[in-house]
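Commentary on secondary and tertiary structure
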Amino acid sequence: MSVRLRIAPSPTGLLHVGNARSAVFNWLYARHHGGTFIVRVDDTDTARSEEKYVAQMMEAMRWLGLDWDEGVGVGGPHGTYRQSDRFDRYREVANRLVDAGSAYRCFCTPDELDARRQAAQAAGRAPGYDGTCRAHSVAEAEDRVAAGESFSVRLAIPRPGVTEFFDLVRDDMRFDHEVIDDFVILRSDGTPTYHLASTVDDVDYEITHVARGEDLLSSTPRHILLTQAMGAEPVTYAHLPLLFGPDGKKLSKRHGDTSMDAYMKAGYLPEAMFNYMSLLGWSYDPEVTIYTPEQAIEKFDLADVSKNPAIFDVKKLEWMSGEYMRELALDDFAARSLAVIEAERSLSDEQRRQYLALAPLIQERVKVLPEVLEMSDWLFRDEVEFDEKSWDKVMKPEAADVIDEALVRLEGLAVWTTESIEAAMRQMLDDLELNPRKGFQPLRVAATGSMISPPLFESLEVLGQSTTLERLRRARAQFE
RNA sequence: GGCCCCGUCGUCCAGCGGCCUAGGACGCUGGCCUUUCAAGCCAGUAACGCGGGUUCGAAUCCCGUCGGGGCUACCA
């Protein structure tokens, strides 16, 4: 039988990087086995779920390079793949379980539950549901329902008992039913809880493997028990290590970003993001860090996933994005970076040509796309904006003489190319007995405004002779 | 508190009883290259949490301990 995996985010916010990593692993496993990857929307929490998040979540996954065979946005044999459209189905299952005696109605009020929980905790007992309503007869329950009492539905955990399962990353797991309370599967307002909806969907959609965050590990016996109560065969589980922030604490806004959306907007290359995420808890090869999705698909196995939690290291992501950036074909880089620039300012054909001429030099200097903005800003301005630190550092009094001399020599150039400019300027260095630093940095600051820029002569060539001279003169004037 | 998971360089991963005087990558440091910044190249830094076992032999197996994390809702 072919494998069927799913990713089922809740659209209550932007797609979290942890979820995205789960998506990557599920996708890799499905693709490795030639199986089916499904995207489902777990929106049982209708109050907090928003349509815009469904769209953003899909955008983020597509951006990462993931595709799915069934689910939201692509359809398939199981309806809309949204839990909010399936409440009737969940109620039907809950009712069936009640009829079969594997679940029961609970009439305890939230206040009562709360009081008993606090009492239990104070007495040092487990805070879970104490099973009060499980003792009621079915007849009594029917009467109370008829009398209009509201109720929730709880699963009757077999007692005593033990649930054992094999986890692809954690091996043999065993939970004594002592530690599992009769949890709610259907709320008193008739809506399903996550446990019910998720389990029913996994059964109905014939999911074979569930790879999800380790935070759900202790809920797994509940899901298995529920599955069995439905008369179905449990899926194979794989609980992935959690992702943390640099401080070892939960990944949060405080340091770095937690949403895929943020990394998209920050301009990291999606290819790098995919590669980096697949490295969190897995390794392609002890000696190989950079590889294609195809290569990852070929080697990926959930059984090889590490058990250790991983810290999301933005530094390494940055490095990797830079690696991919330099690997981009020039026209690909040009297209991607131009898109970023033209989102900020409109460019004339001439300016676009100028940028393209410098693009290869810029390409090897950026890690994330938005950096091209700073790298090229000097090129498009009417007047250079001098970076104060650069000016102070480079424009010493002697620099004025250098600029004067350069002005004369550059003005006299009949041919304006990188080569001719360089030849003239090196000659100037010789004649004036200046080192490159003293001789070239003032020109760089004068032309670009900063002591950090793309290579000087290429930059001047692209700028053009008249603009270059104009900028040198203006810089020179600042000395007075 | 209870249940569960995890513990190799600062970080991610390799290691699944001898190939380990522990390997790769990021980072960091130094050097080379160099008109700046990058890139590139070279070198260096740095780890098996601790204590007991088992074994001829342990990073690898067992126990304990300490540390980190997760769960403990009519959230997901």
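For clarity, every value in this text was computed on a predicted model and none was experimentally measured. (Residues numbered from 1 in each chain as written. Chains lettered and ligands numbered in written order. Predicted model: local features only at pLDDT ≥ 70, side-chain atom pairs only at ≥ 80, totals over all residues. Heavy atoms only, no water.)

As for the overall build of chain A
The line we're drawing: Helix and strand assignments follow DSSP, with helices taken as H or I runs no shorter than four residues and strands as E runs no shorter than two, numbered in order from the N terminus. Atoms counted for the radius of gyration: C-alpha only. Globule rule: 2.2 Å times the number of residues to the power 0.38. Here a residue-residue contact requires only that any non-hydrogen atoms of the pair lie within 4.5 Å. Each accessible area is a Shrake-Rupley estimate made with a 1.4 Å probe; only the visible protein chains count as cover when residues are assessed. All tallies of charge rest on Lys and Arg as positive and Asp and Glu as negative; His and the ends of each chain are not included. Every charge is mapped to an atom, namely NZ of Lys, CZ of Arg, CG of Asp or CD of Glu.
Within chain A, the regular secondary structure consists of 20 helices and twelve strands. At 32 Å, chain A has a C-alpha radius of gyration far larger than the 23 Å of a compact globule built from 480 residues. For chain A, the spread of C-alpha atoms along the three principal axes comes to 105 × 45 × 40 Å. Intrachain contacts of chain A at a sequence separation of at least 6 include 75% that bridge at least 24 residues. Of the roughly 22900 Å² of accessible surface on chain A, a fraction of 48% belongs to carbon and sulfur atoms. The distance from the centre of the 55 positive side-chain charges to the centre of the 81 negative ones in chain A is 4 Å.

With respect to the pattern of salt bridges
If charged atoms from side chains of opposite charge come close, those side chains can pair. Worth spelling out the cut-off: The salt bridge criterion pairs a side-chain nitrogen of Lys or Arg with a carboxyl oxygen of Asp or Glu, the two atoms within 4 Å.
Under the definition given, this model contains 43 salt bridges. In this structure, Arg-381 engages Asp-377 in a salt bridge whose closest nitrogen and oxygen atoms are separated by 2.6 Å. Here Arg-426 makes a salt bridge to Glu-422, at a shortest N to O gap of 2.8 Å. Here the residue Arg-426 and the residue Glu-422 both occupy positions in helix α17 (residues 418-432), the gap between them amounting to four residues, near one helical turn. When salt bridges with common partners are traced through the structure, they connect Arg-6, Arg-40, Asp-42, Arg-86, Arg-89, Glu-92, Asp-201, Asp-202 and Asp-204 into a single cluster.

Points about helix α3 (residues 87-100)
Where we set the bar: Between the first and last residue of a helix there are one fewer steps than residues, each counted as 1.5 Å, and that sum is the expected span. Burial classes follow relative accessibility: with a 1.4 Å probe on protein chains only, a residue under 20% of its type's maximum area counts as buried, one over 50% as exposed, and anything between as partly exposed. Think of the arc as the fan of directions from the helix axis to the C-beta atoms.
Spanning 14 residues, α3 covers 20 Å between terminal C-alpha atoms, matching the ideal 20 Å at 1.5 Å per step. When we look at burial in α3, the residues that qualify are Phe-87, Tyr-90, Val-93, Ala-94, Leu-97 and Val-98. Down the axis of α3, the smallest arc covering the buried residues is 140°, so these residues share one side. Facing away from the buried side of α3, by more than 90 degrees, are the exposed residues Asp-88, Asp-99 and Ala-100. Taken together, the buried residues of α3 touch β4 (103-106), β5 (152-155), β8 (184-186), α6 (194-204) and α7 (220-229). Where α3 ends, the next residue or the one after it, Gly-101, has phi of about 85°, a positive value.

Some thoughts on the pairing of β5
Worth spelling out the cut-off: Pairs of strands are assigned from DSSP output, requiring at least two bridges between the strands.
A two-sided burial pattern is seen for β5, the buried positions comprising Ser-152 and Arg-154 on one face and Val-153 and Leu-155 on the other. In this sheet, β5 lies alongside β4 in antiparallel orientation, the contact comprising four bridges. Residue Arg-105 lies in a different strand from β5, and its bridge partner there is Val-153.

Considering the confidence of the model for chain A
Keep this limit in mind: The pLDDT score gives, residue by residue, the confidence of the prediction method on a 0 to 100 scale.
Mean pLDDT over chain A: 94, with 99% of residues reaching 70 or higher. Quick note on the complex model: pTM equals 0.94, ipTM equals 0.95.

Considering the side chain of Gln-441
Its place among the elements puts Gln-441 in helix α18 (residues 436-448). Those residues in contact with Gln-441, other than ones at most four positions away along the chain, are Val-394, Pro-436 and Met-451.

Some remarks on the pairing of strand β2 (residues 36-39)
Consecutive side chains of a regular strand alternate in pointing toward one face of the sheet and then the other. Note the threshold: Throughout, right-handed denotes a crossover for which the path from the first strand over the helix to the second runs clockwise when the strands point away from the viewer.
The side-chain alternation of β2 yields two buried faces, one formed by Thr-36 and Ile-38 and the other by Phe-37 and Val-39. As defined by bridge partners, strand β1 (residues 4-7) adjoins β2 across four bridges and the pair is classed as parallel. Pairing of Arg-4 across the sheet is with Thr-36, part of β2. What joins β1 to β2 is helix α1 (residues 17-32), and the crossover it makes is right-handed. Relative to strand β3 (residues 70-71), β2 is paired through two bridges, and the arrangement is parallel. The residue bridging Val-39 from the neighbouring strand is Gly-71, located in β3. A crossover links β2 with its parallel partner β3, the connecting element being helix α2 (residues 51-63), and its sense is right-handed.

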